[in-house]
Amino acid sequence: MTELTTIVHDASEIVVGPGTDEPLERYENAAIAVTDGRVTAVGPTNEITDEYPVENATHAINADGKSVIPGFVDSHTHALFAGDRSDEFAAKLGGEQYQDILAEGGGILRTVRAVRERSDDELLVNVLFHLDTMFAHGTTTVEIKSGYGLDTETELRMLDVIRRADESHPMDVVPTFMGAHAVPEETDADTYTDRVIDEQLPAVADQGVAEFCDVFCEEDVFSVEQSRRVLEAGLEHGLTPKIHAEEFVRLGGAQLAAEVGATSADHLLHANEDDRAALTEAGVTPVLLPGTAFSLEADYADARAFFDDGGSVAVATDFNPNCYSQSMGFAIALACVGMGMTPAEALIAGTHSGARALDRTDKAGMLREGMPADMAIVDAPSHVHVPYNFGVNTVETVLKGGEPVHRGQR
Ligand SMILES: N=CN[C@@H](CCC(=O)O)C(=O)O
Ligand SMILES: [Zn+2]
C-alpha cells in the first residue's frame, strides 16, 4: 500500500474545477488527500478523514476558515528578461505610446539589448526570483517565452535558461520559442522572418528546448503572412502555434490562429464577432491579458462576448517589463472588474482554461482525483476573496505535488 503523504482538512471550501451543471465543482467543509503527488480523494472532511486518517499523513494541514483552489496556470508570460523599464511606464502615463517607444528602439528592443549583455547565470537568477514571486501568489504552472534575444545564439540561451529554471525550481515551466517577437533594429521584417525560419527554428528544434512557437502579429511588427510562415515552419519542426493577435489593431491574427490550429490566440483586444466565432469553432483557446490593458490604459478585451457566443477564455498575467505584475490574483480581479467576468469564471480562466491554453488539462488546473496535487490555500473562506480582496495576495500556502513548498504570512 502506498503511503499517504498529505491531507488538507476542514477547509471552508475546496474548488475542484469546472462543474458540469454549475460554474464550479466545489465542496464546503472539505478535505483533500494526496498520495505520491496526486489527488487521491476530495470531498467532505468527515468522509475523507474517515478513509485517510489525519494522523497517518506526512503533512496534515488544518485549513479551517480557508479556501483551497487549484494552483494558478499562468499561460502567457515573458518572465525571463533583464533591465528596468519603469521609466517607460511613467512616460506612457504621460501620454507616450507603446508602439512609438518600440519604433524608437525602446520597449522590447531595449530589453533585447539588456538580455544580450547578461550571462546565462545572471538571467537564471532573474527568472528564479520572478518564479518565487509567482509561486508565493499561487501560480504552480507558468509558460515563459523567449523573444528577447532575436538572434539564434541568444534565443537558444534564453530557452536553455528557461529549461534550467524548470529543473531547479518546483514550478512547472512551459517553454515557448518567440524569435518573432520584434524586428531587430539592423534589419527589416521580411529578412528577419527568413532568419527566424531558416536559422532560429531549426536550431531550437534541434535542441528540443521549446514546446510552442509564438509570433507578435501586429501592425509594424509581423504581418499576417509573415506570421503564417513562422507558425507553419514551427509546425513542421513539431512546435505548436500560439499567436499575439489583435492587440493594438485588428490585423487578422485570430483568423490565422484558427487556420493553423493554434493552441491559443492571445490579447484579442480588437477581436470581433467573426474572430470569436472562428476561434471557438477551431478550438483555439482565447487568452485574455487584462493586466496589459490596465498598464496600457487600453480598453479591455470583450470577455463577456466570448461567453455569450458559447465559448470560454483563459486569463493570464502577461508578466513582462511592460506589464509588471506576476500576480494571477490581480489578473483575476481585473478580469472581474474590468472585463465583467464572474469570480467563478475568472478562477476557471486562471486555472483549467490556462491549462487548456498550454495543452495540459491532464496535468494542471484541477483538483480532481488522479491530477497532480498542485494547490493554493487562500487565507479567506471562499475563492471569491481572490478578486474581492484586490491588490492583496490572499494566498497563504502553496502545495506542489502535495508538498508544502511555500508558506506565506498575511
Ligand atoms: N506585445 C508583445 N509582447 C509583449 C510585451 C513585451 C514587452 O513589451 O517587453 C506582450 O505580450 O505584451
Ligand atoms: Zn506576450
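Please refer to the structure higher up on the page.
First, a word on scope: everything that follows refers to the structure included in this document. Given the structure is predicted, the values throughout are model-derived calculations rather than measurements. (Residues numbered from 1 in each chain as written. Chains lettered and ligands numbered in written order. Predicted model: local features only at pLDDT ≥ 70, side-chain atom pairs only at ≥ 80, totals over all residues.)

### Topic: the overall build of the chain
Piece 1. The helix and strand inventory of the chain stands at 16 helices and 16 strands.
Piece 2. Whereas a compact globule of 410 residues would reach a radius of gyration of roughly 22 Å, the chain reaches 21 Å, a difference of no more than 12%.
Piece 3. Viewed in the frame of its principal axes, the chain has a C-alpha envelope of about 65 × 45 × 40 Å.
Piece 4. Among the 410 residues that make up the chain, the fraction classed as buried is 54%.
Piece 5. Counting contacts in the chain only where the partners sit at least 6 residues apart, residues at least 24 apart contribute 70% of the total. (Helix = DSSP H or I, 4+ residues; strand = E, 2+ residues; numbered from the N terminus. Rg over C-alpha atoms; globule rule 2.2 N^0.38 Å. Buried ≥ 20, exposed ≤ 12 C-beta atoms within 10 Å, placed from the backbone. Contact = placed C-beta atoms within 7 Å.)

### Observations regarding the site of ligand 1
Piece 1. Around ligand 1, the structure places 13 residues, and the nearest of them are Ile108, Phe216, Asn320, Pro321 and Asn322.
Piece 2. Within the shell around ligand 1, the residues separate by chemical class into four nonpolar, seven polar and two charged. (Near = placed C-beta within 6 Å. Nonpolar A, V, L, I, M, F, W, Y, C, P; charged D, E, K, R; others polar.)

### Let's talk about the pairing of strand 10 (residues 240-245)
Piece 1. Across the six residues of strand 10, six count as buried, placing the element largely inside the fold.
Piece 2. By the alternation rule, side chains of strand 10 split into Thr240, Lys242 and His244 and Pro241, Ile243 and Ala245, which are all buried.
Piece 3. Bridge count for strand 9 (residues 212-215) against strand 10 is two bridges, and the pairing is parallel. Across the sheet, phenylalanine 212 pairs through a bridge with threonine 240, a residue of strand 10.
Piece 4. Handedness of the β-α-β unit built from strand 9, helix 8 (residues 224-236) and strand 10 comes out right-handed.
Piece 5. Pairing of strand 10 with strand 11 (residues 264-267), which is carried by four bridges, proceeds in the parallel orientation. (Pairing = 2+ DSSP bridges. Right-handed = clockwise from strand over helix to strand, strands pointing away.)

### Thoughts on helix 10 (residues 273-282)
Piece 1. When we look at burial in helix 10, the residues that qualify are Asp275, Arg276 and Leu279. Buried positions in helix 10, seen along its axis, are confined to an arc of 100° and lie on one side of it. Along helix 10, exposed side chains directed more than 90 degrees from the buried face belong to Glu273, Asp274 and Glu281.
Piece 2. Residues of helix 10 that are buried sit in contact with helix 9 (253-260), strand 11, strand 12 (285-288) and helix 12 (303-308).
Piece 3. Where helix 10 ends, the next residue or the one after it, glycine 283, has phi of about 75°, a positive value. (Arc of directions from axis to C-beta.)

### Here's the deal with the packing of helix 9 against helix 10
Piece 1. Contact geometry of helix 9 with helix 10 gives a least axis separation of 9 Å together with a crossing angle of 20°. It follows from the interaxial angle that helix 9 and helix 10 lie roughly parallel. In this structure, helix 9 crosses over helix 10, and the sense of that crossing is left-handed. Across from Ala254, Gln255, Ala257 and Ala258 in helix 9, the residues of helix 10 making contact are Asp275, Ala278, Leu279, Glu281 and Ala282.
Piece 2. In the contact of helix 9 with helix 10, the residues fall into six nonpolar, one polar and two charged. (Axes fitted to C-alpha atoms, helices over the stretch in contact; angles between N-to-C directions. Parallel < 35°, antiparallel > 145°, perpendicular 65-115°, else oblique. Left-handed = near helix turned anticlockwise from the far one by under 90°.)

### Examining the sheet that holds strand 7 (residues 139-145)
Pairing between the strands of a sheet is mediated by backbone hydrogen bonds and can be parallel or antiparallel.
Piece 1. Strands sit in the order 6-7-8-9-10-11-12-13 across an open sheet of eight strands; the sheet is parallel. Strand pairing shows two members of the sheet lacking a second neighbour, strand 6 (72-74) and strand 13 (314-315), which therefore form its edges.
Piece 2. In the sheet, strand 11 pairs with strand 12 via three bridges, with the strands oriented parallel. Bridge pairing links alanine 265 to proline 286 in strand 12.

### Quick notes on the environment of phenylalanine 216
Piece 1. Here phenylalanine 216 is to be found in the loop between strand 9 and helix 8.
Piece 2. Ignoring anything within four residues of it in the chain, the contact list for phenylalanine 216 reads Ala180, His181, Ala182, Val221, Phe222 and His244.

### With respect to the nonpolar core
Piece 1. One finds Ile14, Ile32, Val68, Ala257, Val315, Ile332 and Ala335 to be the most contacted residues of the largest nonpolar core, which totals 128 residues.
Piece 2. No other element matches helix 13 (residues 328-337), which puts eight residues into this core.
Piece 3. Both domains that furnish three or more residues to this core are identified here as domain 1 (4-70 + 365-407) and domain 2 (72-357).
Piece 4. Setting aside its immediate chain neighbours within four residues, isoleucine 14 contacts Arg26, Tyr27, Ala30, Ile32, Val42, Val68 and Leu367. (Core = buried A, V, L, I, M, F, W, Y, C linked by C-beta atoms within 7 Å. Domains from an automatic or database assignment.)

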